[in-house]
Amino acid sequence: NPFSSEVQKRNQLIMLLLYSFGIRAGELLNLRISDIDFAHSTIAIKRRADDKSDPRVNQPLVKTCERKLPVGETLMGEIYNYIIVERNKVKNAKGNDFLFITNKLGKTVGMPLSMSAYHKIINIISKAHPELNELSGHMLRHTWNYEFSRMMDERDEPFSEEKEAQIRSYIMGWVVDSEMAKIYNARHIVEQAHKTSLVIQNEFMERAI
């Protein structure tokens, strides 16, 4: 974790949410504490265009459909501890309901985290290790979709292609029958086709050579 102790937990939670849900930056930065249902272990992704309570000049927008996402016990614990312990330490933290706020002292302390601050966090992480040099927040959305496809393949009783696309579309916030779901499915099919082709090729070459 390449950050100062004051923001390590906040930035760790940002990455955990991006990786766990494959959400967009706008969805992440729009999250409010009131969107989190601790009793039922869910997070609500909501659209709030032209939100008068958002003081940011460039308000991050939710471009996907509204939806509720389930949160596991471990991740919910991380969210709860961040809010109760880390977030409450920040000056002016009680001035708004946004989950992620800026810790930097100055006139913006305690205000919702800006898109530029979000990109700075990702940039710092990308420079922390050579293997992370191409990291972007959106790349974690691609990673989530890859992991989803892999898990669908490993199911004992696979869903139909239509059902798989519907589940993917809901979690990603796409409309039903989204072209994006078809694109991700197609990418995975191509990868599986390549692997199968190589297996057949290698077996043939072992017999032929």
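Structural data are supplied above this passage.
Residues numbered from 1 in each chain as written. Predicted model: local features only at pLDDT ≥ 70, side-chain atom pairs only at ≥ 80, totals over all residues. Heavy atoms only, no water.

Caption draft 1: Spatial organisation of the overall build of the protein chain. Secondary structure assignment for the protein chain yields seven helices and three strands. Element order for the protein chain, N to C, with α for helix and β for strand: α-α-β-β-β-α-α-α-α-α. Its C-alpha atoms put the protein chain at 70 × 40 × 30 Å along the principal axes. With 209 residues in all, the protein chain has 39% of them scored as buried. Summarising the internal contacts of the protein chain: among those between residues at least 6 apart in sequence, 60% fall at separations of at least 24. Carbon and sulfur atoms make up 56% of the accessible area of the protein chain, which amounts to about 12,800 Å² in all. Here the protein chain carries 29 positive and 27 negative side-chain charges, and the mean point of each set is 10 Å from the other. (Helix = DSSP H or I, 4+ residues; strand = E, 2+ residues; numbered from the N terminus. Buried < 20%, exposed > 50% of the residue type's maximum accessible area, 1.4 Å probe, protein only. Contact = heavy atoms within 4.5 Å. Areas by Shrake-Rupley, 256 points an atom, 1.4 Å probe, with all protein chains shown as cover. Lys, Arg positive; Asp, Glu negative; His and termini not counted. Charge placed at Lys NZ, Arg CZ, Asp CG, Glu CD.)

Caption draft 2: Region of interest: the sheet that holds strand 1 (residues 36–37). Pairing is antiparallel across the open sheet formed by three strands, whose spatial order is 1-2-3. Of all strands in the sheet, those with a lone pairing partner are strand 1 and strand 3 (67–70), marking the two edges. As paired strands, strand 1 and strand 2 (residues 42–45) are joined by two bridges and run antiparallel to one another. Residue I36 lies in a different strand from strand 2, and its bridge partner there is I43. (Pairing = 2+ DSSP bridges.)

Caption draft 3: Expanded view of the nonpolar core. Of all hydrophobic cores here, the largest spans 37 residues; its most connected members are L17, L18, L28, I43, I79 and F100. Looking at this core, the elements with two or more residues in it are helix 1 (8–21), helix 2 (25–29), strand 2, helix 3 (73–86) and helix 4 (115–126). Residue contacts for I79: discarding those within four places in its chain leaves L13, L17, I36, F38, I43 and V71. By size, the runner-up hydrophobic cluster in this structure holds eight residues, among which are F148, A165, W174 and Y184. (Core = buried A, V, L, I, M, F, W, Y, C linked by side-chain atoms within 4.5 Å.)

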